[in-house]
Amino acid sequence: MDYRFARRATLTQDSFITEIFKYLQDKEVISFSGGFPNPLTFPLTELQVSAQKVFLNEGSSVLQYATTNGDLDLRRFISERYHVRQSIEIPADQILITSGSQQALDYIGKVFLEPGDTILIEEPSYLGAIQTFTSYEVDIQTVKLEEDGIDLIDLEAKIIHHNPKLIYLIPSFQNPSGISYSQDKRKAVAKMLDKHNVILIEDDPYNELYYKGSVQQPISSYLKDKSLLLGSFSKTISPGMRVGWVCASIEVYKKLFTAKEASDLHSSSLDQRILVNYLIDNDYDEHLNALRTRYALQHQIMLDAIARYFPKEVKVYPSSGGMFVWLELPEGMSSVKLFYEAVKDKVVFVPGDPFYVNKKHANSLRLSFANETAERITEGIRRLGNLIQQSI
Ligand SMILES: Cc1ncc(COP(=O)(O)O)c(C=O)c1O
């Protein structure tokens with residue numbers, strides 16, 4: 001059938017994640033793939049109590065249509081947390097609740113991007129963002145990442161050469177590389193973007209998942225109106241509730257608000273009420289501490305297994321938070337090829353390709369340690385190590 005699809009619908013393809021899902025039905029498969037939080041970290045009982053309370057006390061009002069901005073108590077909670085934890089003043093009326101931060105990315109595309117515009121992203125970058133920006137028919141240019149954040153020389157060169165409208169960065173425990181920007185680099189990036197008038201989209205869903213130190217200062221805090229800051233409860237409480245947010249200047253907020261209104265009117269108010277009651281009635285920091293302890297341990301188990309079973313030629317990127325280990329196989333090796341070999345050994349991961357713009361058979365891969373037990377992490381890494389050894 002000749003459906004005459006819009007051009008944008010022909011540009012985006014299913015992500016590799018769809019391919020991986022096929023293998024996840026088999027419970028024997030050890031999965032280092034998707035960025036799924038460990039379900040054992042979901043505060044099931046507390047959310048159940050909170051849901052009962054919401055139905056009991058707020059009855060039918062919570063099942064009614066609500067305002068586009070999102071729940072005011074929830075926006076106040078987020079605003080207060082920025083104030084207390086990072087000394088950033090973001091009023092509740094500059095926070096728009098979205099159905100996950102993924103939706104915020106889409107609205108940003110809708111509001112800012114026209115076909116042919118240039119956007120800068122890190123290389124590698126989050127595949128969901130690449131997918132979204134691609135659908136807006138833009139030119140996506142990449143900037144190299146170093147171990148302490150983006151390469152400033154490459155960044156300035158790309159800004160001067162491409163005159164980008166936006167730059168999309170994930171400065172804390174980046175997906176997929178796990179890299180975090182140093183404080184100096186955060187300030188230097190802010191200074192450079194300010195100088196060249198490039199609007200920053202800062203995607204920050206992993207900031208709370210640090211295993212050492214404490215929460216880091218968003219680059220946006222140095223840029224104010226020239227930035228948009230995205231957050232999410234997906235990695236810390238539950239991705240299924242689909243509660244994320246975007247902080248923006250009043251001018252940008254109005255545009256995002258209208259985009260959301262035109263798209264879905266508002267995100268689920270029931271989910272937001274359950275979530276905010278949970279946050280108010282429980283100790284969120286205690287919950288986060290338990291989460292950090294669990295992930296730090298699983299991360300260490302994976303690193304230990306890699307040190308034991310992987311050949312020395314495999315480069316492991318340093319990270320001290322988040323959910324991922326990013327690796328580079330020796331030059332010339334394809335991680336997609338490794339993926340299909342590993343599937344036969346019942347191990348899956350995400351090969352590097354979808355984290356790049358137009359790169360095929362990259363030698364990098366992303367492993368998530370969040371969702372497996374200590375035994376299965378070690379066993380999965382042993383199997384992968386064998387396969388890599390055989391291919392060298
Ligand atoms: C960097 C980044 N941004 C956004 C998202 C989307 O998260 P959400 O569930 O809040 O839509 C993810 C999810 O993996 C992510 O890693």
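Every value quoted in this text rests on a predicted model; they were computed, and no experiment measured them.

1. Overview of the overall build of the protein
Next up, step 1: A count of helical and extended segments in the protein gives 14 helices and 14 strands.
Next up, step 2: What you see for the protein is a C-alpha radius of gyration of 21 Å, in line with the 21 Å of a compact globule of 392 residues.
Next up, step 3: Across its three principal axes, the protein shows a C-alpha extent of roughly 60 × 55 × 50 Å.
Next up, step 4: Looking at the protein residue by residue over its 392 residues, the buried ones come to 44%.
Next up, step 5: Counting contacts in the protein only where the partners sit at least 6 residues apart, residues at least 24 apart contribute 75% of the total.

2. Considering helix 14 (residues 374-391)
Next up, step 1: Between its first and last C-alpha, helix 14 extends 26 Å over 18 residues, near the 26 Å set by a 1.5 Å rise per residue.
Next up, step 2: Of the positions making up helix 14, those classed as buried are Ile377, Gly380, Ile381, Leu384 and Ile388. On an axial view of helix 14, the arc spanned by its buried residues comes to 100°, and they lie on one face. For helix 14, the exposed residues lying more than 90 degrees away from the buried face are Glu375 and Gln390.
Next up, step 3: Next to the buried residues of helix 14 lie strand 1 (30-31), helix 12 (284-309), helix 13 (335-344) and strand 12 (347-348).

3. Overview of the sheet that holds strand 3 (residues 118-123)
Next up, step 1: The eight strands lie next to each other as 2-9-8-7-6-3-4-5, forming an open sheet whose pairing is mixed. Both outer strands of the open sheet, strand 2 (95-98) and strand 5 (149-150), are each paired with one neighbouring strand and no more.
Next up, step 2: Bridging between strand 8 (residues 227-232) and strand 9 (residues 244-247) involves four bridges; their strand directions are antiparallel. Residue pairing for strand 9: Gly231 is matched across the bridge by Trp245.
Next up, step 3: Together, strand 2, strand 8 and strand 9 form the strand contacts of helix 4 (residues 72-86), whose direction differs from that of strand 2 by roughly 120°.
Next up, step 4: On the sheet, helix 10 (residues 250-264) packs against strand 2, strand 8 and strand 9 and is oriented at approximately 25° with respect to strand 2.

4. Things to note about the site of the ligand
Next up, step 1: In the neighbourhood of the ligand, 14 residues make up the surrounding shell, with Gly100, Gln102, Asn175, Ser232 and Ser234 lying closest.
Next up, step 2: Among the elements that make up the shell around the ligand, the one with the highest residue count is helix 5 (residues 100-112) (three residues).
Next up, step 3: Of the residues in the shell around the ligand, the class split is four nonpolar, nine polar and one charged.

5. Description of the packing of helix 5 against helix 6 (residues 127-135)
Next up, step 1: Where helix 5 contacts helix 6, the axes come no closer than 9 Å and their chain directions differ by 30°. It follows that helix 5 is roughly parallel to helix 6 by the angle criterion. For the pair helix 5 and helix 6, the crossing hand works out as right-handed. Facing Gln102, Leu105, Asp106 and Gly109 of helix 5, the residues of helix 6 in contact are Gly128, Ala129, Thr132 and Phe133.
Next up, step 2: Here the residues of the contact of helix 5 with helix 6 sort into three nonpolar, four polar and one charged.

6. Side note on helix 12
Next up, step 1: Counted at 1.5 Å a residue, the expected span for helix 12 with its 26 residues is 38 Å, and the 37 Å between its end C-alpha atoms agrees.
Next up, step 2: Among all positions in helix 12, only Leu291, Tyr295, Gln298, His299, Met302 and Ala305 are buried.
Next up, step 3: On the buried face of helix 12, the contacting elements are strand 11 (324-328), strand 14 (364-368) and helix 14.

Calculation criteria
Residues numbered from 1 in each chain as written. Predicted model: local features only at pLDDT ≥ 70, side-chain atom pairs only at ≥ 80, totals over all residues. Helix = DSSP H or I, 4+ residues; strand = E, 2+ residues; numbered from the N terminus. Rg over C-alpha atoms; globule rule 2.2 N^0.38 Å. Buried ≥ 20, exposed ≤ 12 C-beta atoms within 10 Å, placed from the backbone. Contact = placed C-beta atoms within 7 Å. Expected span 1.5 Å × (residues − 1). Arc of directions from axis to C-beta. Pairing = 2+ DSSP bridges. Axes fitted to C-alpha atoms, helices over the stretch in contact; angles between N-to-C directions. Near = placed C-beta within 6 Å. Nonpolar A, V, L, I, M, F, W, Y, C, P; charged D, E, K, R; others polar. Parallel < 35°, antiparallel > 145°, perpendicular 65-115°, else oblique. Left-handed = near helix turned anticlockwise from the far one by under 90°.

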